[in-house]
Every structure is written in structure tokens, then in C-alpha cells.
Amino acid sequence: MSLLLPKCPVITRSSTSSTKRGVVVRSCAKPETTFCAKVQRNENFAKLRAGYLFPEIARRRRAHQEKNPDARIISLGIGDTTEPLPQYIADAMAKAASGLAVRETYSGYGAEQGQGPLREAVAKTFYNNLCSADEIFISDGSKCDIARLQSMFGPKHTVAVQDPSYPAYVDTSVMTGMTGQYNGTGFDGVQYMPCNPQNNFFPDLSKTPATDIIFFCSPNNPTGAAATRAQLTELVAFARKNGSILVYDAAYALYISDPNCPKTIFEIPGADEVAVETCSFSKYAGFTGVRLGWTVCPKKLKYADGTPVHQDWNRVMTTCFNGASNIVQAGGLACLQPEGYKAMMGLIDFYKENARILRQTFQEMGFAVFGGDNAPYVWVGFPGKPSWDVFAEILQKCNIVTTPGSGFGPAGEGFVRASAFGKREDILEAAERFKVAYGKK
């Protein structure tokens with residue numbers, strides 16, 4: 001009777017003296033192979049840079065922390081809220097959640113466009129009835145709606161963006177197929193509209209080629225600049241002249257203090273024929289993790305063939321979205337009740353004070369500083385220095401995370417953004433660290 005022994009692994013004596021104990025293990029197992037589907041990758045995703053801006057910042061922060069385990073890092077980078085939800089708003093969501101455990105108050109699917117009372121409250125509170133409730137589509141946030149809008153527009157359109165601006169405008173344009181390749185500073189096919197101190201952070205539209213889609217954010221992220229009524233009137237006229245659709249991001253509108261700076265594009269006559277507007281509760285009520293926003297799509301806005309954009313947007317929302325959480329919408333409605341609105345504005349005032357502290361700190365040190373008065377961001381100039389180098393220098397010297405300006409576009413080079421979203425003690429500590437590291441210029 002023979003004994004069958006397994007053939008793998010094979011153990012043999014080694015003739016080399018460097019092998020421990022003179023034994024070598026050789027495996028006769030087949031080498032691993034990687035299976036690949038026959039589906040080709042979307043070529044547009046291959047155009048994207050290595051990583052989205054904020055995950056790359058997080059990666060560099062982790063690396064710094066690993067090298068400096070005792071460092072207490074303060075983040076003035078990503079604009080994430082830090083203060084607790086107002087109790088009145090949290091209680092409304094808790095009540096809605098509890099109601100799901102009771103048969104009489106249980107609710108399942110709701111209208112994909114949002115609950116009627118919330119749509120009506122948004123129209124009344126933020127737009128003073130400049131738009132109707134059925135033109136407001138409640139969602140899980142502006143960023144998600146920007147991607148949905150791009151999907152609706154499709155790849156055959158040209159696009160313009162403020163430079164610098166929120167990276168999602170360009171990246172979703174790339175993903176959708178609106179652009180060419182990355183050219184070292186930006187993407188071919190994207191019309192970058194420089195916004196800098198020399199033009200008061202508003203593009204020279206007389207030199208801007210016509211495009212199909214225009215992304216515009218006011219107050220701007222990252223510069224903190226809020227467009228005036230005259231500037232927005234010029235922008236609407238520019239869009240009308242060229243037959244463009246303006247995607248207006250008003251995510252920070254309630255931070256505006258200057259009465260000459262509109263809080264919605266629909267304060268400008270004729271805007272309802274050329275613009276959609278996105279907004280969010282994220283930076284108003286601390287809903288960055290709760291997720292609730294909206295897009296206003298006027299019925300007067302029409303494509304070249306006369307089809308209302310509202311019709312297609314409604315189709316997108318009813319096909320690709322099941323509606324915001326019922327619980328979260330209860331929180332949104334609470335934000336717009338007198339007690340909730342007062343508490344929400346208290347949060348905004350808190351972050352605006354943070355911005356004032358940061359702005360004053362950099363001004364006293366002699367830096368060129370922008371923003372921080374009508375927005376929760378401070379835009380600080382470091383002329384002649386690459387933004388990522390400044391980011392690394394501040395992280396090394398101060399253990400503070402900022403955001404490099406070049407991450408927002410070519411015109412952001414030489415700047416960093418400091419976010420006012422932070423605990424007050426961290427903002428004050430950061431101000432002191434900056435003073436120690438940089439002193440008075």
C-alpha cells in the first residue's frame with residue numbers, strides 16, 4: 001500500500017549557507033492571476049488627477065501626525081462644522097424618528113421632490129416668494145445636486161468656472177465628459193474665469209468666451225468674495241446674451257452682511273430665465289453630516305428647443321433619487337420655524353466671529369487678506385510661494401492644516417484658505433501659533 005503525499009510545498013535541503021537552518025521551501029502552486037472584466041473604464045475618469053483635494057489634504061495630515069505623534073493638529077482646512085446642532089432642531093428630528101416606531105405616525109417613501117411644508121418654508125424664508133414651492137427640489141445636499149445637474153446636461157456642452165472655485169465643479173465636468181485632458185494647470189475645454197484681487201474677484205466677462213454652462217458661487221469658496229448686485233446683474237445679462245445656463249451656488253448666502261450683495265441670484269431681474277440655484281443647510285445649521293439641501297429650478301428656464309429644464313430636473317430627481325430622509329426633512333423644517341431659525345443664525349454668527357478673528361490675525365501680521373466678512377473663509381496671500389509648499393510650511397511650523405489655493409484652480413496659486421469652521425478655543429490657539437511662527441511682516 002502506497003502513501004500519497006501532497007506535492008506542495010516541497011521541502012529540500014539548501015546548498016546555500018545563507019538560508020536559515022539550511023531549508024528552502026518551494027511552492028508549486030500556480031501564480032495568482034488577476035481577473036479583468038471586458039468592460040472598458042470610463043475614459044473620462046482616467047483624466048482626473050490622482051485624488052480629490054480634501055482626501056489628499058487628509059492623507060498629508062495623517063502622515064504629519066505619524067511623524068509627530070505628540071502634535072495637536074488644528075484643522076482650518078476642510079470646511080466642516082464643529083458646533084452641536086441646536087436643541088430645537090435636534091429634538092424635531094428625534095421626534096420624527098420616534099414617530100417611525102408608531103403605526104399611526106409611520107411614514108415610508110415620500111415625494112422625491114421633498115415634503116410640501118418644507119418646500120413652502122424654503123420658498124418663503126430664503127426667497128421671499130421669488131420662486132414657487134414647486135420650483136424647489138429638496139435633496140441630500142448641493143454637492144450631490146451638482147453631480148445630478150451635470151448628468152442631466154450631458155457631455156456635449158462647454159463649461160466655465162470661477163477660478164478659483166469649489167473643485168466639484170471641474171471634477172464633475174471631467175467625469176461627465178465635458179473636458180479634454182489635464183494640461184498641467186487645468187483641464188482643456190474648461191473656461192477658467194480668473195477671480196483675483198486685481199479684478200475684485202469678479203471675472204472680466206468682456207474677455208470671457210461664451211459657454212453653455214457657467215458655474216458661479218457667491219460668496220465664493222474659497223476666496224470669500226461676495227458678488228455685488230451690479231456684478232450679478234452683469235452676470236445674468238452675460239448668460240442671457242450667450243444663451244447660457246448659470247448654475248449658481250448659494251451655499252454660504254446667509255453669511256452675507258453687505259446689503260449690496262444679494263443672497264440669491266433670483267433677486268436679479270431675468271435670472272429665473274437663465275439660472276438654477278443650489279443651496280444647503282450644511283453650513284447654516286451644522287448639517288454637514290445630516291445632509292439636506294435644495295435646488296431651485298425655475299419653470300421659465302428653457303432649453304434651446306423650448307423644453308423646460310424643470311421638466312428634466314423633475315425626471316432626474318424622480319428617477320435617480322428617492323427623496324431626502326423624512327427625519328432630516330423634519331429637522332430642515334424646524335430650522336425654518338422662528339425658534340429654529342434664531343438658533344441657526346446663532347451658529348452662523350459664531351462662525352463669522354471665528355472668521356473675524358482669523359482675518360484680523362493675518363491683517364495684523366501684514367498679510368494680504370481677503371474674505372472673512374461675508375463668508376466663513378479667509379483667503380491669505382503668500383506671493384511667489386507655491387500653495388502646497390505654504391500648506392506644508394504651516395503644517396510643519398504651526399501644526400495647522402489649511403487648504404492650498406492651487407487646489408481650487410490655477411488662479412489660487414500663491415494663496416491658502418483658512419476655514420472659520422472650528423471650535424473657538426482652536427481658532428484662538430491657531431491665531432497665537434500663526435503669530436509665533438510668522439510675526440509681523
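In this report, the structure presented in the accompanying data block is examined. (Residues numbered from 1 in each chain as written. Predicted model: local features only at pLDDT ≥ 70, side-chain atom pairs only at ≥ 80, totals over all residues. Heavy atoms only, no water.)

Overview of helix H8 (residues 309–320)
Phase 1: With 12 residues, H8 ought to run about 16 Å at 1.5 Å a step, and its terminal C-alpha atoms sit 16 Å apart, in line with that.
Phase 2: Of all the positions in H8, only Val309, His310, Trp313, Val316 and Met317 are classed as buried. End-on, the buried residues of H8 take up no more than an arc of 120°, which puts them together on one face. Every exposed residue of H8 that faces more than 90 degrees away from the buried side is listed here: Arg315 and Thr319. (Helix = DSSP H or I, 4+ residues; strand = E, 2+ residues; numbered from the N terminus. Expected span 1.5 Å × (residues − 1). Buried < 20%, exposed > 50% of the residue type's maximum accessible area, 1.4 Å probe, protein only. Arc of directions from axis to C-beta.)

A word on the side chain of Ser282
Phase 1: Assignment of secondary structure puts Ser282 in helix H7 (residues 282–285).
Phase 2: Judged by its relative accessible area of 7%, Ser282 falls in the buried class.
Phase 3: A polar side-chain atom of Ser282 sits 3.3 Å from a polar atom in the side chain of Arg291.
Phase 4: Look past the residues within four positions of Ser282 in its chain and what remains in contact with it is Thr81, Phe287, Thr288, Arg291 and Leu292. (Polar contact = N/O pair within 3.5 Å; in protein donor to acceptor, adjacent residues only side chain to side chain. Contact = heavy atoms within 4.5 Å.)

Observations regarding the sheet that holds strand E15 (residues 415–419)
Phase 1: Sheet architecture is open: four strands sit in the order E11-E12-E15-E14, paired in antiparallel fashion. One side of each edge strand has no neighbouring strand; the edge strands of this open sheet are strand E11 (369–371) and strand E14 (403–404).
Phase 2: With five bridges connecting them, strand E12 (residues 377–381) and E15 associate as antiparallel partners. Bridging across to E15, Val378 finds its partner in Ala418.
Phase 3: Against the sheet, helix H11 (residues 387–398) touches E14 and E15, its axis set at about 50° to E15. (Pairing = 2+ DSSP bridges. Axes fitted to C-alpha atoms, helices over the stretch in contact; angles between N-to-C directions.)

Side note on the sheet that holds strand E4 (residues 136–139)
Phase 1: The strand order across the open sheet built from seven strands is E4-E10-E9-E8-E7-E5-E6, with neighbouring strands paired in mixed fashion. If you trace the sheet from one side to the other, it starts and ends with E4 and strand E6 (190–194), each paired once. Ignoring strand direction, the axes of neighbouring strands in this sheet form an average angle of 20°.
Phase 2: Against the sheet, helix H3 (residues 116–127) makes contact with E4, strand E9 (275–280) and strand E10 (293–296), and its axis sits at roughly 110° relative to E4, the strand it touches most.

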